[in-house]
Amino acid sequence: MYSYTEFDRQFIRHRAAQHRDQLARNQAGTLSDEAFRPLRLQNGWYIQRYAPMLRVAVPYGEIAARQLRVLATIAREYDRPDPELLARAQATQDGIDERAGSRPGPRLKFGYGHFTTRQNVQFNWIPLDKSADVMDLLATVDMHGIQTSGNCIRNITTDERAGIAADEVADPRPFAEILRQWSTLHPEFAFLPRKFKVAIHGAREDRAAIAWHDVGLQVVRNTESVANNAHQESAGGLSGYENVGFKVLVGGGMGRTPVVASVIREFLPWDQILNYLEAVVRVYNRWGRRDNKYKARIKILVKAEGQRFVDEVEAEYEAILTQDGAPHTIPLAELQRVAASFVPPALNCDRKTADAKIAHILKAAAEDDVEFGRWLQQNVAAHKNPDLRAVTLSFKRLGQAPGDASADQLDAVAELAERFSAGEARVTHDQNLLLPWVRCDQLPELWREARRLGLAKPNIRLLTDMIACPGGDFCDLANARAVPVAAAISEAYTDLDELHDLGEIDLHISGCINSCGHHHTGHIGILGVDKDGQEWYQVTLGGSDGSTLSGAPGAGKVIGPSFAADEMVDVVTAILDTYRTHRTSGETFINTLRRVGHDPYKAAANAVRHITARHTAQADA
Amino acid sequence: MKLFEQAQLPPSTDSQTLVLSNDADPRTADLTGVHTVVLHFPSFTDGRAFSQAFLLRRRLGFTGTIRATGDVLVDQLVQMARTGFTEAVLAEGQSLAVGQRLLDQANATYQGDAVAPQPRFASLSTLEAA
């Protein structure tokens, strides 16, 4: 992990003190709510449906055991609503349940951290007057909420297997950290037309959905003659970085208008990335629309201007190089200084012992045999180091919202990270936690511990490992709730034999068109919509995040008018049954869908309407 | 950075003062004989003037006064100073004293800007080389 310098620590403490000052001025009435809003947002403080929400930055998802423990403390001691507020909030939520076609949701919970698709952690009930204390507490473990919200460059995300993936070309984390430092409190780019999200990966497979970001970066090695590249001499010598650079994508995003990012540069030498991004963001700041928030993202600008946008970025980049003196060219010494933080821990295991231990479990009780075998298959991934494994702890289980972790679970995971993973974990884009440094001979022990904690469900990448936003239970923007739909589907699909038979499926649920639940990229996507004050759900099929399983990135297609909450389990079941009818041996859900087309799925889903049947007939007429 | 209240608004009508709207490209402006460029924040959340100031100061090498007007809030003054503004006329209700305090408390930074173009890592490498 990146180790903070004294400068980095002082920077975070100063930021926490600044927030305390702003909060005090707001409470004294000298800083208006309106002026305080963007300031607190840029420290991660929202005001949501019932209470403030804090989004804590977990830069590129890497988190240490000591940081997990502080998040546990925040969940336990600060994520506590006033009883009166909770009662009022629950009464409002109960009111939604009573409407026609609705489905009773789980009761509101507190004392939890929530893992987000952007690898951050959120809390839902911390009173704003405690916010300065929480920022101080976070700063004690080098954490903060800087730029987790607001119209600025947001937390940078990456591959959950960065630095450990067997298919990695180069570790993206040192670059992600350099980008984090560059973008942190950038004076020119704090009030952009809209938020700006960057994702970076360095493997053959894209596990970071980079095409869906404002800027997507892929670390690549230039196989063409190194000598031909004018920058190469300054960009790495014989350091191992001599032919490293970035494929640069711009203009991806979800929301109302899902757009897959365009490649703007096939190869940019690594040392130029800050200069180049400065050009991209400056053109966006100058040209991006500010008259309509739904047209303000860079994707709209790139679509509208096309080549003119690219030309302007290239001209601006050229001016930064030739007129400004390219001050943000990254020296090799700086890359090496940062990269030194990411040296793998010295770990190896006796593989013979590991094989014997694993074989022993597999021969034990039949029930263990199956469950452990499935866990090895779904939750354990190969590692760059053949002695090690990457293990995903599942935060998708009955009784808890996808990605939610209680205070005790956060503490327990901190202990697991210390015992089994060199003190480190990763928040994944799929809202789970991954242990990146697990010795192969410790897998059986880790499995037993994780199972005891309820975090060993072997459902990773399967139907119930769904992505869901907090939705209308917490979020002020939501049009409908996501958690009750997620809970209903989880309850209907508890049989592991069935889940494994259905295979790998991306099910993504968003409570509104802002798409925090990435419904556009779900093989099955569910979008909450509001009509006449009631909750409805639009279903899309065939979306892809760009992973190997899902194929080229693209948004799913709507299968028909929205469904009622109470119809959703039947709809999902009808879609899955259609897959089972049409699949050939070993064919995945997404491949069957692409082969046979959407029609049979549409027909099956529409056939289960019992509440919306009449609405649909009217809409068709 | 010099701060002003609305009532003290410095004159901006003489021929040596250029007023640029916030969608203008400063690179196309004629800066001959200009000693003050006035930039505008129609709302404090509209950050275009930050890029305009940067281009004036850094790209065009303009050495005169760059003045911020409009919805100028004290919490954005550090950003303004870093992008090249040298004067700010505070919006109604903003306190000169608080503005000055926030400017005085400005922290060290990671990235370079219009005033100090070198990022922090440049000095780290120089130190190592020395």
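Model, not experiment: these values are computed from the prediction.

Focus on the overall build of chain A
A count of helical and extended segments in chain A gives 20 helices and 21 strands. In terms of C-alpha radius of gyration, chain A reaches 24 Å, essentially the compact-globule figure of 25 Å for 621 residues. Projected onto the principal axes, the alpha-carbon positions of chain A cover approximately 65 × 65 × 50 Å. Within chain A, the fraction of its 621 residues that count as buried is 55%.

Here's the deal with the interface of chain A and chain B
Each partner contributes to the interface: chain A provides 31 residues, whereas chain B provides 31 residues. The dominant element in the side of chain A that touches chain B, judged by the number of residues it contributes, is helix α1 (residues 6-28) of chain A, at four residues. Each residue belonging to the side of chain A that touches chain B can be placed in one class, and the counts come to 15 nonpolar, 10 polar and six charged.

Some words on the nonpolar core
Residue and element names in this part refer to chain A. L68, V280, V413, L435, A486, Y537 and I575 are the most contacted members of the largest nonpolar core, which totals 180 residues. Per-element tally for this core: the top contributor is helix α7 (residues 273-287), with nine residues. Setting aside chain neighbours within four positions, we find I575 in contact with I524, Y601, A604 and A605.

Observations concerning the sheet that holds strand β5 (residues 87-89) of chain B
All names here are of chain B. The strand order β1-β5-β4-β3-β2 describes an open sheet built from five strands, whose pairing is parallel. Lying at the two open borders of the sheet, with one neighbouring strand each, are β1 (2-4) and β2 (17-19). When strand polarity is set aside, the average angle formed by the axes of neighbouring strands in this sheet is 20°. Note that β2 and strand β3 (residues 36-41) share three bridges and pair parallel. The residue of β3 that forms the bridge with V19 is V38. Most of the contacts of helix α1 (residues 48-59) go to β3, to which it runs at about 160°, and overall it touches β3 and β4 (65-70).

Some details on the pairing of strand β18 (residues 524-531) of chain A
All names here are of chain A. Note that strand β17 (residues 507-510) and β18 share four bridges and pair parallel. Each bridged residue has a counterpart across the sheet, and for H508 the counterpart in β18 is G525. Counted between consecutive antiparallel strands, the loop separating β18 from strand β19 (residues 534-541) contains two residues, among which D532 sits at a positive phi close to 50°.

Things to note about unusual backbone geometry
A positive phi is found at A209 of chain A, a non-glycine position, where the angle reads about 50°. Looking at the secondary structure, you find A209 of chain A in the loop between β7 (198-201) and β8 (215-221).

A word on the pairing of strand β15 (residues 433-439) of chain A
Residues and elements named next belong to chain A. For β15, the tally of buried residues reaches seven of seven residues, placing the bulk of the element in the interior. Here five bridges tie strand β12 (residues 388-393) to β15, and the two strands are oriented antiparallel to one another. Directly across from R389, in β15, lies its bridge partner V438. Alignment of strand β14 (residues 424-427) against β15, held across two bridges, turns out to be antiparallel. Looking at β15, one finds that V427 is bridged to L433. Counted between consecutive antiparallel strands, the loop separating β14 from β15 contains five residues, among which Q431 sits at a positive phi close to 70°.

A word on the confidence of the model for chain B
The pLDDT averaged across chain B works out to 92; a share of 94% of its residues lies at or above 70. Two summary scores accompany this predicted model of the complex, namely pTM at 0.95 and ipTM at 0.96.

Section: the domain arrangement of chain A
Each assigned domain of chain A is listed with its residue range as follows: domain 1 (6-139), domain 2 (165-342), domain 3 (351-452) and domain 4 (473-620). With centres defined by C-alpha atoms, the gap from domain 2 of chain A to domain 3 of chain A works out at 34 Å.

Here we look at the packing of helix α3 (residues 65-77) of chain A against helix α5 (residues 131-139) of chain A
Residue and element names in this part refer to chain A. The contact between α3 and α5 brings their axes to 10 Å, and the two run at 160°. Considering the angle they form, α3 stands roughly antiparallel to α5. Every pair of crossing elements has a handedness; the one defined by α3 and α5 is right-handed. Here α3 contributes V70, T73 and I74 to the contact with α5, which in turn contributes V134, L137 and L138. Here the residues of the contact of α3 with α5 are counted per class, giving five nonpolar, one polar and no charged.

What to know about the sheet that holds β15 of chain A
Residues and elements named next belong to chain A. Ordered by their spatial adjacency, five strands build an open sheet running β3-β14-β15-β12-β11, and the pairing between neighbours is antiparallel. Edge positions in the open sheet fall to β3 (62-64) and β11 (380-381), since each of these has one partner strand only. Relative to β12, β11 runs antiparallel, the two being bridged by two bridges. Each residue of the ladder has a partner; that of A381, found in β12, is A390. Helix-sheet contacts for α3 involve β3 and β14, and the interaxial angle to β3 is about 80°. Packing of helix α13 (residues 407-420) onto the sheet brings it into contact with β12, β14 and β15, and relative to β15 it is tilted by some 25°.

Thresholds, definitions, all that
Residues numbered from 1 in each chain as written. Chains lettered and ligands numbered in written order. Predicted model: local features only at pLDDT ≥ 70, side-chain atom pairs only at ≥ 80, totals over all residues. Helix = DSSP H or I, 4+ residues; strand = E, 2+ residues; numbered from the N terminus. Rg over C-alpha atoms; globule rule 2.2 N^0.38 Å. Buried ≥ 20, exposed ≤ 12 C-beta atoms within 10 Å, placed from the backbone. Contact = placed C-beta atoms within 7 Å. Nonpolar A, V, L, I, M, F, W, Y, C, P; charged D, E, K, R; others polar. Core = buried A, V, L, I, M, F, W, Y, C linked by C-beta atoms within 7 Å. Pairing = 2+ DSSP bridges. Axes fitted to C-alpha atoms, helices over the stretch in contact; angles between N-to-C directions. pLDDT = per-residue confidence, 0-100. Domains from an automatic or database assignment. Parallel < 35°, antiparallel > 145°, perpendicular 65-115°, else oblique. Left-handed = near helix turned anticlockwise from the far one by under 90°.

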